[in-house]
Amino acid sequence: MFLVFFCLMQDDEDMAEFLLFIIRVIVRLMPLLVLCIALYRDPSHLKLKKSGFREKDAAVGDVRFHYAESAGKDKPALLLLHAQLLDWFSYHRVLAGLAEHYHVYAVDYPGHGKTACPDDYEMCAANIGSSLAQFIRDIIGQPVYISGNSSGGLLALWLAAYRPQLIRAAVLEDPPLLSSKYPPIKRTIAYRTFSASASALQEDTDGDYLMYWISHSPAFFRNQLFPGAAFLIRFLVILTRMLKKNQPLEIPFLPPLLREMLRGIDLYDPHFGKAFYEGTWNEGFNHNEALCSVMCPVLLITADTSFLEDGTLNGAMSEETAQFAFSRLHNGTFTRINAKHVTHLEAPDQYLEAVLPFLNRSGSQSSKR
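Residues numbered from 1 in each chain as written. Predicted model: local features only at pLDDT ≥ 70, side-chain atom pairs only at ≥ 80, totals over all residues. Heavy atoms only, no water.

Okay, the nonpolar core next. Within the largest apolar cluster, 88 residues are counted, with the highest numbers of intra-cluster contacts made by L79, I167, I214, L262 and W281. The dominant element in this core, judged by the number of residues it contributes, is helix α7 (residues 151-162), at 8 residues. Among residues more than four places away in sequence, those in contact with L262 are L210, W213, I214, I233, L249, I251 and L254. If you look at the next biggest cluster of nonpolar residues, it comprises 29 residues, including F53, A68, L98 and I337. (Core = buried A, V, L, I, M, F, W, Y, C linked by side-chain atoms within 4.5 Å. Buried < 20%, exposed > 50% of the residue type's maximum accessible area, 1.4 Å probe, protein only. Helix = DSSP H or I, 4+ residues; strand = E, 2+ residues; numbered from the N terminus. Contact = heavy atoms within 4.5 Å.)

Here it is as structure tokens:
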């Protein structure tokens, strides 16, 4: 219904009428909306509980990690590192499938989710990678298979390159290799998010980065939903926070990726994005050299990418960059998944079809050695 109405709009007056229409609908449906939000809990929680997953916390050095762990300590360990702005729950559509074969640890790394770290904790690959390495040693207690998405993919590469004794094989799920460093980073769509993180820390946001991000991202919501959607999202966030205090932000009715982004950004530390904006996140982390130094099996996954009219890269890597990165690997496998950036959320079956055979082959290679 919204789409039909939108297609008929011709000018600002039509837009105003459209927004008034939405407000009237919300007011009339308010009792039902309140009930739905109050009772809603993503059904994946129950599925994960039945699959043996439990949320836990563990103090490791100066970081208190929050993570979800599956049952099955007799299985090889698999560590999952989510994308920036998300948290461990973004993997909920593939966790049960992975847990059939692996002892899974889905971790909120520093700057995200419920993981807590000191105020002066340095948000950079080397520091976060070192904390994750200590988590592997102290909590998991054995070398792991690792799969990381986006910034999580960069951290997976860092661990494979600089803590090779801890990594049996690595899956790099659409990571921004080379493109997240200066000067290429300025020509990526992600740079807008990093810029917003830096700006938010300079302005009086009352510590509410989610509301700041919503207010400064009208184009994102227009593209994801419809013009004026940012107003509706703000309302839903306020209502959900009132009804479900101190709980992860889970809002029904929204597309999966948007729902997970709102949940993740609600707990996101913008210092993480600011470090990308200032160029300090990758300090001392040469992607090219790291790719060349990794000796364990690596699966490089790329997702859909495109260029905006102004030449901005709308994705993690261009095809050219992805092929160059792959050429640096000693023991690499390359695959493309026709989905958006978070492939395990957008195309879970394709993700599992790519990752599980690769990890199984890597395990066979390890046993032969």
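From this point, the discussion proceeds with the structure in view.
Our next topic: the state of the cysteines. Going through the model one piece at a time under the given rule, you end up with 0 disulfides. Cysteine C117 is unpaired, with the sulfur of C124 as its nearest cysteine sulfur at 12 Å. Take C117: its relative accessible area is 22%, and that puts it in the partly exposed class. C296 forms no disulfide, and the closest cysteine sulfur to it belongs to C292, at a distance of 14 Å. A relative accessible area of 12% means that C296 is categorised as buried. (Disulfide = S-S within 2.5 Å.)

With that settled, consider the packing of helix α6 (residues 125-140) against α7. Running from N to C, α6 and α7 cross one another at 70°; their axes reach a closest spacing of 9 Å. Considering their axes alone, α6 and α7 lie roughly perpendicular with respect to each other. Contacts between α6 and α7 involve A125, A126, I128, G129, S130, L132 and A133 from the former and L155, W158 and L159 from the latter. (Axes fitted to C-alpha atoms, helices over the stretch in contact; angles between N-to-C directions. Parallel < 35°, antiparallel > 145°, perpendicular 65-115°, else oblique.)

What follows concerns the pattern of salt bridges. On inspection of all chains with the given rule, the structure shows 9 salt bridges. We note a salt bridge from D87 to R263, for which the minimum N-O separation is 2.8 Å. Of the two residues, D87 sits in the loop between β3 (77-81) and α5 (95-99) while R263 sits in helix α12 (residues 256-266), which places them 176 residues apart along the sequence. Using a relative accessible area of 2% as the deciding quantity, one classes D87 as buried. Taking relative accessible area as the criterion, R263 reaches 3% and is therefore assigned buried. (Salt bridge = Lys/Arg side-chain N within 4 Å of Asp/Glu carboxyl O.)

In this sheet, strand β2 (residues 63-69) lies alongside strand β1 (residues 54-60) in antiparallel orientation, the contact comprising 7 bridges. Opposite A59, over in β2, you have R64 as the bridge partner. Linking two consecutive strands that pair antiparallel, namely β1 and β2, is a turn of 2 residues; a positive phi of about 60° is found at G61 within it. (Pairing = 2+ DSSP bridges.)

Nothing here speaks to function; it is geometry throughout.
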